[in-house]
Amino acid sequence: MKTAIILGATGLTGGILLLQLIDDKRYDKIKLFLRKSSGISHPKIEEHSIDMLQLRAYAEDFIADEVFCCVGTTNAKTPDKELYHKIDYGIPVSAARLSKTNKINTFIVISALGADSESRIFYNRTKGEMENAILEFELPKTHILQPSLIGGKREEKRPGEYFFKVLMKIFNPLLFGPLKKYRTISPETIVSAMIWLANNEFEKKRVVSDEIKEVAN
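Residues numbered from 1 in each chain as written. Predicted model: local features only at pLDDT ≥ 70, side-chain atom pairs only at ≥ 80, totals over all residues. Heavy atoms only, no water.

A. A look at the packing of aromatic side chains. This structure, assessed with the given rule, holds three aromatic pairs. Their ring planes at 65° and their centres at 5.4 Å tell us that Y84 and F122 sit as a pair that is edge-to-face. On the criterion of sequence distance, the pair formed by Y84 in helix 2 (residues 81-101) and F122 in helix 3 (residues 122-136) is long-range, its members being 38 residues apart. Side by side, Y84 and F122 carry an identical accessibility label, which is buried. (Phe/Tyr/Trp six-rings, centres within 6.5 Å; stacked < 30°, edge-to-face > 60°. Helix = DSSP H or I, 4+ residues; strand = E, 2+ residues; numbered from the N terminus. Buried < 20%, exposed > 50% of the residue type's maximum accessible area, 1.4 Å probe, protein only.)

B. Just the nonpolar core, in detail. One finds L17, L21, F68 and M194 to be the most contacted residues of the largest nonpolar core, which totals 31 residues. Secondary-structure elements contributing two or more residues to this core are strand 1 (2-7), helix 1 (12-23), strand 2 (27-34), strand 5 (106-110), helix 5 (187-199) and helix 6 (209-216). Top contributing element to this core by residue count: helix 5, with seven residues. Setting aside residues no more than four positions away along its own chain, F68 makes contact with A4, I5, I6, L7, L17, L21, Y27, I108, M194, I195 and A198. (Core = buried A, V, L, I, M, F, W, Y, C linked by side-chain atoms within 4.5 Å. Contact = heavy atoms within 4.5 Å.)

C. Fine view of the sheet that holds strand 2. Taken together, seven strands build an open sheet; the order of strands is 3-2-1-4-5-6-7 and the sheet is parallel. Each edge of the open sheet carries a strand with a single partner, namely strand 3 (45-49) and strand 7 (206-208). Across the sheet, the axes of successive neighbouring strands diverge by a mean angle of 15°, strand direction being ignored. Where strand 1 and strand 2 come together, six bridges link them in parallel fashion. Following the sheet pairing, I6 is matched in strand 2 by L32. Seen against the sheet, helix 5 touches strand 1, strand 2, strand 4 (66-69), strand 5, strand 6 (141-146) and strand 7 and runs at an angle of roughly 165° to strand 6. (Pairing = 2+ DSSP bridges. Axes fitted to C-alpha atoms, helices over the stretch in contact; angles between N-to-C directions.)

D. Highlighting the pattern of salt bridges. Counting across every chain of the model gives seven salt bridges. Across the salt bridge formed by R206 and E131, the nearest N and O atoms sit 2.6 Å from each other. Of the two residues, R206 sits in strand 7 while E131 sits in helix 3, which places them 75 residues apart along the sequence. On the accessibility criterion, R206 (33% relative accessible area) is partly exposed. Of the residues examined, E131 reaches a relative accessible area of 1% and is grouped as buried. Across the salt bridge formed by E211 and K204, the nearest N and O atoms sit 2.3 Å from each other. (Salt bridge = Lys/Arg side-chain N within 4 Å of Asp/Glu carboxyl O.)

E. Just the environment of R56, in detail. Note on placement: R56 falls in the loop between strand 3 and strand 4. In this structure, the C-alpha to C-alpha distance between R56 and S94, residues 38 residues apart in sequence, is 6.4 Å. Each residue touching R56, except ones within four places of it in the same chain, is listed here: S94, R97 and L98.

F. Representation of helix 2 in the model. With 21 residues, helix 2 ought to run about 30 Å at 1.5 Å a step, and its terminal C-alpha atoms sit 29 Å apart, in line with that. G90 marks where helix 2 bends most, by close to 35°; the proline P92 follows one to four residues later. Taken together, the buried positions of helix 2 are Y84, I87, D88, G90, I91, P92, V93, S94, A95, A96, L98 and S99. Tucked inside the fold, the buried residues of helix 2 contact strand 1, strand 4, strand 5 and helix 3. Its side-chain oxygen 3.1 Å from the backbone nitrogen of E82, D80 forms the N-cap of helix 2. Backbone geometry just downstream of helix 2 places K103 in the positive-phi region, at approximately 60°. (Expected span 1.5 Å × (residues − 1). Bend = angle between axes of the 7 residues up to and from the residue. Polar contact = N/O pair within 3.5 Å; in protein donor to acceptor, adjacent residues only side chain to side chain.)

Function cannot be read off these values alone, since they describe shape.
Structure (C-alpha cells):
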C-alpha cells in the first residue's frame, strides 16, 4: 500500500486524479496540499490547507511514496507575471526539492506541449524553466507530461480556450504523423497516464501528448 501526494487537487485534472486514486487499491493514503478544501471527504484523504507559495514550510508533512503535481494557472486568473512564475515554476520546483530532501523517489508533473526555457513566449518559457529545474534534482523516477490543449469542462470561464477547443474538434482528424501530438487530449487520459507511469517502468523523462495517450491505453 502506498501514500500519494497531490498538488492541485481542486483543478480539472487534479480532481479527476484524486477520484481515481481513491478507487485504486494500491493507495491507502492520499495527502492533499491545497489552498482551499477539495470538498471531498474520504478515509484515504489527509488534507493540508496551506499557503502553496510557502510549501517548504510544511516539509515535515510532505512524506509519501509518490508526488503528483497538477498545479497551474492562466494569464486570465493570474495576470501578474511575477505571481504567475511563483505558481507555475515555484510550486512544482519546491515540491521536487522537498521530494529530494524527504527521499520521495517518484515525481510526476504536468507541464505543457511547447515548454521551452528559451522561448519568447512567457508561458512556454516558464514551463521550460520549471522542467529543467525539476530534472536537476535527479529524482530516481521523474516524468514530465507535456499535454497539448486539455479538453474537459472547467469551472472557470475561459472564452479563448473554449473557442480553440471547438476549433480543434474540426482539425483533430487532420492531425496525424508528426502533427498527431497536437490533438486535443482529455484530462482522464492524462490521469490514466500519470497513474500508469507511477506504477510501471518507463524510460523517458519527458512524455509528449501523443505518448501520453499511448501510455494511458
